[in-house]
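Topology and contacts: notes
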Amino acid sequence: MNAVRTRIAPSPTGVDLHIGNAYTALINYVFAKKHNGQFIVRIEDTDRTRFVEGSEKRILASLAWLGIPYDEGPFHQSERLDIYKKCAEELVEKGHAYYCYCTQERLAQMRKDQEARHEPPMYDGTCKNLKSKKDGPHVIRLNVPETGVTKFTDVIRGEISFENKLIDDQVILKSDGYPTYHLGVVVDDHLMNISHVIRGEEWISSTPKHVLLYQFFGWELPIYAHMPLLRNPDKSKLSKRKNPVWSSFYREQGFLPEAIVNYLATLAWAHPEGKEVFTIEEMMKVFDLTQIQTTAPVFDVDKLRWMNGEYIRKDSDLGKKIFEFYSHIYPISQITPILPLVRERMHTLAEFATLAGFFFERPHEFERPKSAELVQFVKSALTNCDWNHDVMEKAIRDAAEKEGIKARDVFMELRVAVTGKTVGPPLLESLEILGRDETHKRLSGVAYA
Ligand code: GLU
């Protein structure tokens, strides 16, 4: 195989790195590294109307956070306009592209008429045979042959072919001098020596236009692999209405990048040994692009939560991660002793506050009404006992038995009074950490509130 060079080419038109793009990035990166190749980032910023300020910065930050480093880039298409213009003009000279002077109004009318006739929207070729160049605003269009077929081989899907008569004379250079996606992507993939174009299946229908461009330029085709699109659990296309789609959301919710990457890896590909939990380095050793499934994988946040829990359980640096996740508001010296009580129950870093917030802040709200009597009871049961969970447990059970009260009710009352909640980490171990003074303060405050 020639030197392997892969890329992702995100457009800075969204909030951040879309989780589907994170998925494609992972596959491109792993494939390149498996073959000792390079992974490149190119920012396709030619659509000025959809440009979102700050998007690129967040895309790159998300890639770094996920642990997907790139070898070259980021390159920017907006800095390469003269290259695309030269290439487009070269195609005009060879007769593979032409100037088009049609106005927006004319094109709108044409589309309306086509719709009325139930025809597919396609440029009608008005400017195709113009003999000479005119003055005034113009675009450059691809001169697609009217007959024949355009084919390519996809390593995941096999041969795909399109009839040329169904391929539009696509605009390749806009009147503002910017290339469209089709020209930009082909010119750059060629000039950047991209060997494998691995991208989402939504680009399959664009690929024949790209193949024609390669043929017109006389360039060698890259190897294509179109990945299946991620779906919501109801099989609809992953969209922000049903599922959070931006990487930053998962970061803010306290998902660990290793877990996200591991989960993404399992979506359309299976580890040959059937493993579910593995590192990106392990994946690199055994990954095989041709084994990607074409059936649409479901991106299931519950499954991701499970995977994240697996990573949280074995994380030797969890205390520090929690410390940083909460911008240092919880002191690390206080986080460390709590970890054994909550680690098994946590699925995300954000759940630390839900489970352990009461260690740092007295509860203001209580999940159910308290009984002043029971609170007073447990407070006196705990008054003189050693501050050790076994001793406390015995003291409470003995006192409850003596009074003929159910120990279970007493423990629940104690839990609600001290933590505000009906469920949480092991209670008496928690009180051990919270300390006698603080526990008594909470019981007093609550009892007389
Ligand atoms: N700019 C395209 C995107 O936004 C790139 C598609 C491709 O990889 O060719 O995803």
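Further up the page is the structure itself.
If you're wondering where the values come from, they're calculated on a predicted model, not measured in any experiment. (Residues numbered from 1 in each chain as written. Predicted model: local features only at pLDDT ≥ 70, side-chain atom pairs only at ≥ 80, totals over all residues. Heavy atoms only, no water.)

Per the counting criterion, the structure on display carries 27 salt bridges. A salt bridge links Lys303 to Glu276, with the shortest nitrogen-to-oxygen separation between them at 3.2 Å. Within this pair, whereas Lys303 is found in helix H10 (residues 301–313), its partner Glu276 is found in the loop between helix H8 (257–265) and helix H9 (280–286), the two being separated by 27 residues in sequence. Here Glu393 and Arg397 are joined by a salt bridge, their closest N and O atoms 2.9 Å apart. (Salt bridge = Lys/Arg side-chain N within 4 Å of Asp/Glu carboxyl O. Helix = DSSP H or I, 4+ residues; strand = E, 2+ residues; numbered from the N terminus.)

Here we take up helix H4 (residues 104–116). Since there are 3.6 residues in each turn of an α-helix, residues three or four apart along the chain are aligned in direction. The terminal C-alpha atoms of H4, which comprises 13 residues, lie 18 Å apart, in line with the 18 Å expected from a rise of 1.5 Å per residue. Buried within H4 are the following residues: Leu107, Met110 and Gln114. One face of H4 carries all of its buried residues, which in axial projection span an arc of 60°. Facing away from the buried side of H4, by more than 90 degrees, are the exposed residues Gln104, Glu105, Lys112, Glu115 and Ala116. Packing partners of the buried residues in H4 comprise strand E5 (139–142). A positive phi of about 55° marks His118, the residue just after H4. (Expected span 1.5 Å × (residues − 1). Buried < 20%, exposed > 50% of the residue type's maximum accessible area, 1.4 Å probe, protein only. Arc of directions from axis to C-beta. Contact = heavy atoms within 4.5 Å.)

Looking now at the environment of Pro244. With respect to the secondary-structure elements, Pro244 resides in the loop between strand E10 (223–227) and helix H7 (247–252). Setting aside anything within four residues of it in sequence, one finds Pro244 in contact with Phe249 and Tyr250.

Now for the state of the cysteines. With the rule as written, the count across this model stands at zero disulfides. Here Cys127 is not cross-linked by a disulfide; its sulfur's nearest cysteine counterpart is in Cys102, at 3.7 Å. For Cys127, a relative accessible area of 6% gives the class buried. (Disulfide = S-S within 2.5 Å.)

Moving on to the sheet that holds strand E8 (residues 171–173). The three strands are arranged E4-E5-E8 in an open sheet whose pairing can be described as antiparallel. Across the chains shown, the open sheet's two edge strands, defined by having one partner strand only, are strand E4 (97–100) and E8. Taken over all neighbouring pairs, the strand axes of this sheet differ in orientation by 45° on average, direction set aside. With two bridges connecting them, E5 and E8 associate as antiparallel partners. When the sheet's bridge partners are listed, Arg141 is paired in E8 with Val171. On the sheet, helix H3 (residues 81–93) packs against E4, E5 and E8 and is oriented at approximately 105° with respect to E4. (Pairing = 2+ DSSP bridges. Axes fitted to C-alpha atoms, helices over the stretch in contact; angles between N-to-C directions.)

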